[in-house]
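# Understanding the architecture of this molecule
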Amino acid sequence: MAGEGDKKPVLEMVQADGADEGCVTFVLHDEDHTLGNSLRYMIMKTVDVEFCGYTITHPSESKINFRIQTRGGLPATEPLRRGLNELSDVCQHVLNTFQARVNEFKERQEQPME
């Protein structure tokens, strides 16, 4: 059984020597196209993002190489952080809306028919 110290990081930052902060590859472990495509969409809405894309290294590996290039000296970590927060907000909105509709449906089912 693996100990807590053996746990893989969820996110790694890979940056070429001498590259600026606006050109970074992030490695997201234990993720797939579900997060990759949604996050890419959210990040590409940022005006200062020049390129955003991801690759799945191999079908048997559950990790994403996520590349962000920005303009104007913006660190690539900022669009990533903003994209994750916005995606979380969208998911929370969908969850809240779904739960409200389920509750409305259940209430209608419990009311006697006229």
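Anything mentioned here points back to the structure above.
Residues numbered from 1 in each chain as written. Predicted model: local features only at pLDDT ≥ 70, side-chain atom pairs only at ≥ 80, totals over all residues. Heavy atoms only, no water.

### Points about the side chain of Thr 70
- Residue placement: Thr 70 occurs in strand β4 (residues 63–70).
- Note on Thr 70: relative accessible area 11%, which makes it buried.
- In contact with Thr 70, not counting residues within four places along its chain, are Gly 22, Asp 48, Val 49, Glu 50, Pro 75, Ala 76 and Pro 79. (Helix = DSSP H or I, 4+ residues; strand = E, 2+ residues; numbered from the N terminus. Buried < 20%, exposed > 50% of the residue type's maximum accessible area, 1.4 Å probe, protein only. Contact = heavy atoms within 4.5 Å.)

### Quick word on the nonpolar core
- Formed by 16 residues in total, the largest nonpolar core has its most connected members in Phe 26, Leu 39, Ile 43, Cys 52, Phe 66, Ile 68 and Leu 80.
- Of all elements in the fold, only β2 (23–29), α1 (33–44), β3 (49–56), β4 and α2 (77–110) reach the threshold of two or more residues within this core.
- Broken down by element, the residue count for this core peaks at four residues, all from α1.
- Aside from chain neighbours lying at most four places away, what touches Phe 66 is Val 24, Thr 25, Phe 26, Leu 28, Gly 36, Leu 39, Arg 40, Ile 43, Cys 52, Gly 53 and Tyr 54. (Core = buried A, V, L, I, M, F, W, Y, C linked by side-chain atoms within 4.5 Å.)

### Thoughts on the packing of α1 against α2
- Two numbers describe how α1 lies on α2: the axes approach to 9 Å, and their chain directions differ by 110°. By the criterion of interaxial angle, the relationship of α1 to α2 is roughly perpendicular. Seen from above, α1 lies across α2 with right-handed handedness. Packed against α1, whose contacting residues are Leu 35, Ser 38, Leu 39, Met 42 and Ile 43, the element α2 presents Pro 79, Leu 80, Gly 83, Leu 84, Glu 86, Leu 87 and Val 90 at the interface. (Axes fitted to C-alpha atoms, helices over the stretch in contact; angles between N-to-C directions. Parallel < 35°, antiparallel > 145°, perpendicular 65-115°, else oblique. Left-handed = near helix turned anticlockwise from the far one by under 90°.)

### Examining α1
- With twelve residues, α1 extends 16 Å from end C-alpha to end C-alpha; this agrees with the ideal 16 Å at 1.5 Å per step.
- Taken together, the buried positions of α1 are Leu 35, Gly 36, Leu 39, Met 42 and Ile 43. One side of α1 holds all its buried residues, which, seen down the axis, span an arc of 140°.
- Its buried side turned inward, α1 meets β2, β3, β4 and α2.
- A side-chain oxygen of the first residue of α1 lies 3.0 Å from the backbone nitrogen of Thr 34; this N-cap is Asp 32. (Expected span 1.5 Å × (residues − 1). Arc of directions from axis to C-beta. Polar contact = N/O pair within 3.5 Å; in protein donor to acceptor, adjacent residues only side chain to side chain.)

### Quick look at the pattern of salt bridges
- In the structure shown here, the tally under the stated rule is two salt bridges.
- Two residues, Arg 81 and Glu 78, come together in a salt bridge whose shortest N-O distance is 2.9 Å. Of the two residues, Arg 81 and Glu 78 both sit in helix α2, three residues apart, roughly one turn of that helix. (Salt bridge = Lys/Arg side-chain N within 4 Å of Asp/Glu carboxyl O.)

### Some thoughts on the sheet that holds β3
- Strand order in the open sheet made by the four strands is β1-β2-β4-β3, with antiparallel pairing throughout. Each edge of the sheet is formed by a strand with only one pairing partner; in this case those strands are β1 (11–14) and β3. Taken pair by pair, the neighbouring strands of this sheet meet at an average axis angle of 20°, ignoring direction.
- Where β1 meets β2, four bridges bridge the pair, whose relative direction is antiparallel. Residue Leu 11 lies in a different strand from β2, and its bridge partner there is Leu 28.
- Strand contacts of α1: β2, β3 and β4, with the helix running at about 175° to β3, the strand carrying the most contacts. (Pairing = 2+ DSSP bridges.)

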